Amino acid sequence: GQNIDQPTEMTATEGAIVQINCTYQTSGFNGLFWYQQHAGEAPTFLSYNVLDGLEEKGRFSSFLSRSKGYSYLLLKELQMKDSASYLCAAASGGSYIPTFGRGTSLIVHP
Amino acid sequence: DTGVSQDPRHKITKRGQNVTFRCDPISEHNRLYWYRQTLGQGPEFLTYFQNEAQLEKSRLLSDRFSAERPKGSFSTLEIQRTEQGDSAMYLCASSSSTGYYEQYFGPGTRLTVT
């Protein structure tokens, strides 16, 4: 099986930077995903990392360390609309189907 | 393209009844996934199709759950003899073979079993 661990809740200020950490334990690692889910809505894809390092996409960046079983999602220049749940997920074995963690609820306040 | 659609959006049923949900993926996507999500949890994988073939099914999935994708386009998920524990949001997602890692989710069907 897989074990995904991420903080339950984080708060941050508009305009600031926040880092959401995720650790995972899995065999046959096939990649690490981040999804964003606003309350009452479906998840939307943010990033997929399979190699070590940082990948930047606009205000969002995702980092992966395979040897440490660790990833983070970095959000810069926070906006109120970034208030959402951020889901970390890992794929393993022969499939690329993500196993999701419980998500981190991010609250951005003025 | 209008994205992934699901029908119905809400379903209330009595315990013991059967329910069926439909998912229409993005038209050019050949991969289709079903998940279940309860409050405060991430989506839990149920099953996966590539074209019409069901390639993977969660070991946690009860025999009361069955899914089909007869022509490799839309899919249906049926739950027989529903139980209160089946109450959840049922999410469908699709992806392409080349962009397999990026799943597009539908709005979900919220099931309430009374």
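Residues numbered from 1 in each chain as written. Chains lettered and ligands numbered in written order. Predicted model: local features only at pLDDT ≥ 70, side-chain atom pairs only at ≥ 80, totals over all residues. Heavy atoms only, no water.

### What about the overall build of chain A?
Step number 1: Each helix and strand counted, chain A has zero helices and eleven strands in total.
Step number 2: When the elements of chain A are put in sequence order from the N terminus, they spell out β-β-β-β-β-β-β-β-β-β-β.
Step number 3: Computed over its C-alpha atoms, the radius of gyration of chain A comes to 13 Å, within 12% of the 13 Å expected for a compact globule of 110 residues.
Step number 4: Projected onto its principal axes, the C-alpha positions of chain A cover 45 × 30 × 20 Å.
Step number 5: Relative to its full complement of 110 residues, chain A shows a buried share of 49%.
Step number 6: Contacts in chain A between residues far apart in sequence, at least 24 positions, make up 56% of those at least 6 positions apart.
Step number 7: Surface accessibility of chain A: about 5,200 Å² in total, with carbon and sulfur atoms responsible for 49%. (Helix = DSSP H or I, 4+ residues; strand = E, 2+ residues; numbered from the N terminus. Rg over C-alpha atoms; globule rule 2.2 N^0.38 Å. Buried < 20%, exposed > 50% of the residue type's maximum accessible area, 1.4 Å probe, protein only. Contact = heavy atoms within 4.5 Å. Areas by Shrake-Rupley, 256 points an atom, 1.4 Å probe, with all protein chains shown as cover.)

### Structural notes on the sheet that holds strand β3 (residues 19-24) of chain B
Note on sheets: strands pair through backbone hydrogen bonds, and any given pair is parallel or antiparallel.
Residue and element names in this part refer to chain B.
Step number 1: If you trace the four strands from one edge of the open sheet to the other, you get β1-β3-β8-β7, paired in antiparallel fashion. Both outer strands of the open sheet, β1 (5-7) and β7 (65-68), are each paired with one neighbouring strand and no more. Pairwise comparison of adjacent strand axes, ignoring direction, gives a mean angle of 15 degrees for this sheet.
Step number 2: Here three bridges tie β1 to β3, and the two strands are oriented antiparallel to one another. Within β3, the residue paired with Asp-7 across the bridge is Arg-22. (Pairing = 2+ DSSP bridges. Axes fitted to C-alpha atoms, helices over the stretch in contact; angles between N-to-C directions.)

### Comments concerning the interface of chain B and chain A
Step number 1: Between chain B and chain A, the residue contacts involve 18 residues of the former and 15 residues of the latter.
Step number 2: Together, the buried faces of chain B and chain A total about 1,400 Å²; carbon and sulfur atoms form 63% of this surface.
Step number 3: Looking only at chain B, the three residues that lose the most surface to chain A are Tyr-100, Tyr-101 and Phe-105 of chain B, adding up to 33% of its buried area.
Step number 4: At the junction of chain B with chain A, the criterion picks out zero salt bridges.
Step number 5: Between the two partners, chain B and chain A, sit four residue pairs in polar contact (both at pLDDT 80 or more).
Step number 6: Of all the secondary-structure elements, those providing two or more residues to the side of chain B that touches chain A are β4 (31-37) and β5 (44-50) of chain B.
Step number 7: Classifying every residue of the side of chain B that touches chain A gives ten nonpolar, six polar and two charged. (Buried area = accessible area lost by both parts, 1.4 Å probe. Salt bridge = Lys/Arg side-chain N within 4 Å of Asp/Glu carboxyl O. Polar contact = N/O pair within 3.5 Å; in protein donor to acceptor, adjacent residues only side chain to side chain. Nonpolar A, V, L, I, M, F, W, Y, C, P; charged D, E, K, R; others polar.)

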